[in-house]
Amino acid sequence: MPQNYVPIFLFMGVAFAIPAVTLVLFKLVRPENPHKTKLMPYECGITPLDDARGRYTVRFYIVAILFVVFDVETIFLLPWAVRFRWLGKFGLLEMGIFLGILIVGYIWIWKKGALEWV
Amino acid sequence: MPGAISQWFSAGDYLLALPMILLSIFALGILLIDLMLPPEWKSINAWTAGIGLAFSTAAVIRIHLAYARAGQGVLSYTGFMGSMMVDRFAIYFFYLFLVGAGIAILMSAHYLEIERENHGEFYALILFSVVGMMCMAAGFDIVLIFIGLELMAISTYVLVGFLRSDRRSNEAALKYLLLGAFSSGIFAYGLSLLYGLTGSTNLQLIGEHLATHMRENPHDPIAILALVTTSTGLFFKIAAIPFHQWAPDAYEGAPTSITGFMSVAVKAAGWAMLLRIFLSGLYPMRPIYVPLLVFVAIATMTGANLAALTQNNLKRLLAYSSIAHVGYMLLGLIAGSSTTPSATGIQGILVYLLVYTFMNLGAFAVITSLRRRDVIGDEIDDIAGLITRAPAEAVLMLIFLLSLAGIPPLAGFYGKYFIFLSLIETGHYQLAAVAVLYAVFGLYYYMRIANAMFMRKAVDTRPVTLSPAMATALAITGIATVGIGIFPDLFIRAAGWSLSIAQPLQLTSLFH
Amino acid sequence: MLHLILFSVFAVIAVAGALNLLVQRHPISSALSLIVVMGSLAVEYLLLGAEFVAAIQVIIYAGAIMVLFVFVIMLLNAGVEERTKGSKVALILGFPAMLVGGLLVAWVLLRAPNVGSVNVGAMYGPPKAIGWLLFHDFLLPFEVTSVLVLIAIMGAVVLASPVRSRFSRPQPEPERQALKAAAGTEPAHEETVTARRSS
């Protein structure tokens, strides 16, 4: 039941509090003396040439969407795993079909060369 | 929780799902086989897809026989804990989807070679989208219906954008995807409200709960909100005005064979879902949704027929014409769910969808065959003088166009006839008059194409060559269009059979 | 009581994150605000007893979907959003209509006589219960989901992988384009979208 999550909420509270406290504290104690050169991004001591945000290739998109898709697949494994013993062989077969279909898809993208980084 | 696990599902459950299972297996097979095929053997994919459809048809026939053997006593077979119901209504739609997909594959085989996009994924996607359609037609649980809808829709988005080097195709896919995703969201919201109202995802239970709910509280705002959002999603999927904006662009940009597929099978699936939800789940809200349907039907017929008058692109013109046909079919639903429900209206929709499958696919097959390496062939100028270039095709196209316009000896007439008959039976004389008026409008723009084919000079005088597969597709659609027109009894009885004991109208017993 | 306080706190955080998403001018900042929204929604689900949904919310939405968002932003290299006046229609019709629509829906849902209230945490949905539903009541939708996921993979690969065929389709000839433009049916694809680059 949700009561079990009280430690997590406490943990979250602490996690949020620490950076807030440190930032405020440091703001108070540190000497404030900004300069244009000091605020520049540090690139091994060389003056930066370009914007840090370059354009990514579309391949990242394919990788990202494959990640999302297989992530969704993983989510379905959880309710199966907690019921594994009870679902028995039949559950194993159900999950086998589910994963089998996705494995065919995986073989397909692999052979199709979508994962190759040329 | 029930006891032994082996008792959960019986062989009957799997038999009901067999058409889908077979299609999925073949689609997966195509994906794997395609990896091993050298480029010049790609036509094997089309063959594999065709065999898959044949096997699936055999499975549907097996279920069909089970009904024939069981006699009139058996109303419907449900499976998988009531989430799926393969009744006669679903079987009828299964046949429609399989025929539509089969003809679309015949049309695609040569066309894809011309486009140089002959990949196995294309056929696999068609088969997967048919699986989705089957889930929509046989789904009796809104979860299954929604997943089926998404499966069909996502496959179709990809198919629309399949010509990646063509900017129109890309644009069409993007528009279709964005608007489709948006409408699915609205639809899902409506379904979630229905679940919240009734506490069930099963359409039967939703219908029963809504019936008691509406009796206690006839104007519950939440129920109305659920109805409006659900029907918005449904109208979007069948492309009824005012939710039609995606259709002309998607139809124009998609590969032509896919445009044909979208206009028949995808639309039929949308209709299967709409009829199921309106007649099973939402039926108790009939007094509220009938005025809504009247408005949408009139808007659809008016807007689409007027817009079609000025189109110069054949695919766009046929897109608007297909929207107009949705308007006529909605009239059938109005008659079918008015205060004295008329089965003729629903039967009319089923007949309409059947004849529309053949005549519209035929028209798109002719347009597909105009595509060459150097000619896109989807403008009205491209079809000019077709009689000198390909006399047989021109005559066939004329038959399809006359059938689309609803001229008596052809198939299209019977679709309109039943709809108008049902309107008159239920006393909607004004609606019938409006519909007949717009049917005349339709004749004008169809005859514009005919005029170009027969009266104008050809810009491009080369004869049109037909691949064997395309010739088969044209032959099937042509024979069916003429055949249904001459021998309509068999097909009308088939539609009646699928309806006679169908679940939807049973709910009428709740109102007396 | 603790539940109610936590629930309200995270509801406020979610709304604040959503508003911040709208006013931020850099897409990456907006994406990060969206993570805040997703995260606080996950906590709300947890407080309502939907443990599994909360886990999904964190893993799929706050994790995977946001990675996809950020990748797409990087892919497009979208810079700081340029402020425009916005269209008059949006200002005069859109915002009031949205406000009225939202209030109407909220009013309807709150005022409806037959909507019972549920105590926070009363509906308990642990993964075990979901497992039972998924592998028993909804077995067929579950298996179809795997096909759906497969389609998503195929779609991404088919549409986003580099074009292999080097033969482009013929574009419509100039006079036909002029004809189309005259008829007013010129499709919008001729407009080239110029990407705004950050300076």
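Everything numeric here is computed off the predicted structure, so don't read it as measured data.

Structural notes on the overall build of chain A
Turning to step 1, where the next piece is worked out: In terms of helices and strands, chain A carries four helices and zero strands.
Turning to step 2, where the next piece is worked out: Walking chain A from its N terminus toward its C terminus, one meets helices and strands in the order α-α-α-α.
Turning to step 3, where the next piece is worked out: Principal-axis analysis of the C-alpha atoms gives chain A an extent of 70 × 50 × 15 Å.

Quick look at the overall build of chain C
Turning to step 1, where the next piece is worked out: The number of helices and strands found in chain C is seven helices and zero strands.
Turning to step 2, where the next piece is worked out: When the elements of chain C are put in sequence order from the N terminus, they spell out α-α-α-α-α-α-α.
Turning to step 3, where the next piece is worked out: Every one of the 199 residues in chain C was classed for burial, and the buried ones make up 23%.
Turning to step 4, where the next piece is worked out: Of the contacts formed within chain C by residues at least 6 apart in sequence, a portion of 66% connects residues at least 24 apart.

Digging into the interface of chain B and chain C
Turning to step 1, where the next piece is worked out: Chain B puts 46 residues into the contact, and the matching count from chain C is 33 residues.
Turning to step 2, where the next piece is worked out: Among the secondary structure elements, those contributing two or more residues to the side of chain B that touches chain C are α1 (11-36), α4 (120-138), α5 (142-160), α6 (167-198), α8 (221-237) and α9 (246-253) of chain B.
Turning to step 3, where the next piece is worked out: Top contributing element to the side of chain B that touches chain C by residue count: α5(B), with 10 residues.
Turning to step 4, where the next piece is worked out: Looking at the side of chain B that touches chain C residue by residue, the classes come out as 21 nonpolar, 11 polar and 14 charged.

Focus on the nonpolar core
Residues and elements named next belong to chain B.
Turning to step 1, where the next piece is worked out: Ranked by internal contacts, the top residues of the largest apolar core, which has 245 residues, are Phe97, Ile126, Leu127, Cys135, Leu151 and Ala269.
Turning to step 2, where the next piece is worked out: In terms of residue count, helix α3 (residues 88-115) provides more of this core than any other element does, 19 residues in total.
Turning to step 3, where the next piece is worked out: Among residues more than four places away in sequence, those in contact with Phe97 are Val130, Met133, Met134, Ala265, Ala268 and Ala269.

So, the interface of chain A and chain C
Turning to step 1, where the next piece is worked out: Across the contact, 38 residues belong to chain A and 42 residues belong to chain C.
Turning to step 2, where the next piece is worked out: Only α3 (59-82) and α4 (84-112) of chain A provide two or more residues apiece to the side of chain A that touches chain C.
Turning to step 3, where the next piece is worked out: For the side of chain A that touches chain C, the element with the most residues is α3(A), which contributes 17 residues.
Turning to step 4, where the next piece is worked out: Residues that form the side of chain A that touches chain C fall into these classes: 28 nonpolar, two polar and eight charged.

A look at the environment of B:Ala250
Turning to step 1, where the next piece is worked out: With respect to the helices and strands, the residue B:Ala250 is situated in helix α9.
Turning to step 2, where the next piece is worked out: Along the backbone, B:Ala250 and B:Ala173 are 77 residues apart, and their C-alpha atoms lie at a distance of 6.6 Å.

Focus: the environment of B:Thr310
Turning to step 1, where the next piece is worked out: With respect to the secondary-structure elements, B:Thr310 resides in the loop between α11 (286-309) and α12 (314-336).
Turning to step 2, where the next piece is worked out: Considered as a pair, B:Thr310 and B:Tyr445 are 135 residues apart in the sequence and their alpha carbons are 8.3 Å apart.

Topic: the packing of α9(B) against α12(B)
Helix-helix packing is characterised by the crossing angle of the two axes and by the distance between the axes.
Residue and element names in this part refer to chain B.
Turning to step 1, where the next piece is worked out: Taken N-terminus to C-terminus, the directions of α9 and α12 make an angle of 140°; their axes are 8 Å apart at the nearest point. With respect to α12, the axis of α9 lies oblique. In this structure, α9 crosses over α12, and the sense of that crossing is right-handed. Of the residues in α12, those in contact with Ala247, Pro248, Tyr251 and Glu252 of α9 are Lys315, Arg316, Ala319, Tyr320 and Ile323.

Focus on unusual backbone geometry
Across the chain, the bulk of peptide bonds are trans and the bulk of non-glycine residues have phi less than zero.
All names here are of chain B.
Turning to step 1, where the next piece is worked out: A cis geometry characterises the amide bond from Ile241 onward to Pro242, with omega recorded as 10°.
Turning to step 2, where the next piece is worked out: Counting through the fold element by element, Pro242 comes out in the loop between α8 and α9.
Turning to step 3, where the next piece is worked out: Positive phi is not limited to glycine here, since Phe80 has a value of about 50°.

Quick notes on the environment of B:Leu490
Turning to step 1, where the next piece is worked out: Position of B:Leu490 relative to the elements: it lies in helix α19 (residues 488-500).
Turning to step 2, where the next piece is worked out: For the pair formed by B:Leu490 and B:Gly79, sequence separation is 411 residues and the distance between their alpha carbons is 29 Å.

Notes on helix α18 (residues 468-486) of chain B
All names here are of chain B.
Turning to step 1, where the next piece is worked out: The end-to-end C-alpha distance of α18, which contains 19 residues, comes to 26 Å, matching closely the 27 Å that a straight helix rising 1.5 Å per residue would cover.
Turning to step 2, where the next piece is worked out: Within α18, burial applies to Met470, Ala473, Leu474, Thr477, Gly478, Ala480, Thr481, Ile484 and Gly485. Across the axial projection of α18, the buried residues extend over an arc of 160°, all falling on one side. Exposed side chains of α18 directed beyond 90 degrees from the buried face belong to Pro468, Ile479 and Ile486.

Notes on the confidence of the model for chain A
Turning to step 1, where the next piece is worked out: Looking at chain A as a whole, its pLDDT mean stands at 84, while 93% of the residues score no less than 70.
Turning to step 2, where the next piece is worked out: At the level of individual helices and strands, chain A shows its lowest average pLDDT in helix α2 (residues 36-39) of chain A, which scores 80, and its highest in helix α1 (residues 6-29) of chain A, which scores 91.

Description of the packing of α8(B) against helix α4 (residues 88-111) of chain C
Turning to step 1, where the next piece is worked out: Closest axis-to-axis distance for the α8(B)/α4(C) pair is 9 Å, and the angle between their directions is 130°. Taken together, the axis directions place α8(B) and α4(C) in an arrangement best described as oblique. Across from B:Pro221, B:Ile222 and B:Leu225 in α8(B), the residues of α4(C) making contact are C:Val105, C:Val108 and C:Leu109.
Turning to step 2, where the next piece is worked out: Per-class residue counts for the contact of α8(B) with α4(C) are six nonpolar, no polar and no charged.

Overview of the confidence of the model for chain C
Residue and element names in this part refer to chain C.
Turning to step 1, where the next piece is worked out: Taken as a whole, chain C shows an average pLDDT of 75; of its residues, 71% reach a score of 70 or greater.
Turning to step 2, where the next piece is worked out: Within chain C, no element has a lower average pLDDT than helix α7 (residues 174-183), which sits at 50, and none a higher one than helix α2 (residues 27-47), at 90.
Turning to step 3, where the next piece is worked out: Under a pLDDT of 50 for its full length, residues 165-176 has, in the predicted model, 13 contacts with residues more than four places off or in other chains.
Turning to step 4, where the next piece is worked out: Here residues 184-199 scores under 50 on pLDDT; set against residues more than four positions off or in separate chains, the count is 21 contacts.

Quick notes on the rules
Along each chain, residues carry numbers from 1 onward, in the same order as the chain's sequence is written. Here chains are named by letter from A upward and ligands by number from 1 upward, in the order in which they appear as written. Residue-level local features of this predicted model are given only where pLDDT is at least 70; pairs of side-chain atoms are given and counted only at 80 or more, and the full residue set underlies all totals for whole chains, interfaces and linings. To qualify as a helix, a DSSP run of H or I must reach at least 4 residues; to qualify as a strand, a run of E must reach at least 2; elements of each kind are numbered from the N terminus. Field definition: a residue is buried when 20 or more other C-beta atoms are found within 10 Å of its C-beta, exposed when 12 or fewer are, and partly exposed for counts in between, with C-beta atoms placed from the backbone. We call two residues in contact when their backbone-placed C-beta atoms lie within 7 Å. Only Asp, Glu, Lys and Arg are considered charged in this grouping, and only Ala, Val, Leu, Ile, Met, Phe, Trp, Tyr, Cys and Pro are considered nonpolar; every other residue, Gly among them, is considered polar. In plain words, the nonpolar core is the set of buried Ala, Val, Leu, Ile, Met, Phe, Trp, Tyr and Cys residues that C-beta atoms within 7 Å link up. The convention used is that axes are lines fitted to C-alpha atoms, helices contributing only their stretch in contact, and that angles between N-to-C directions extend from 0 to 180 degrees. To sort the angles, those under 35 degrees are grouped as roughly parallel, those over 145 as roughly antiparallel, those from 65 to 115 as roughly perpendicular, and the leftovers as oblique. What makes a crossing left-handed is the near helix being turned counterclockwise from the far one by less than a right angle; a clockwise turn instead makes it right-handed. By definition here, a helix of n residues has an expected span of 1.5 Å times n minus one. In this description, one arc is meant: the one made by directions from the helix axis to the C-beta atoms. pLDDT expresses, on a scale from 0 to 100, how confident the predictor is about each individual residue.

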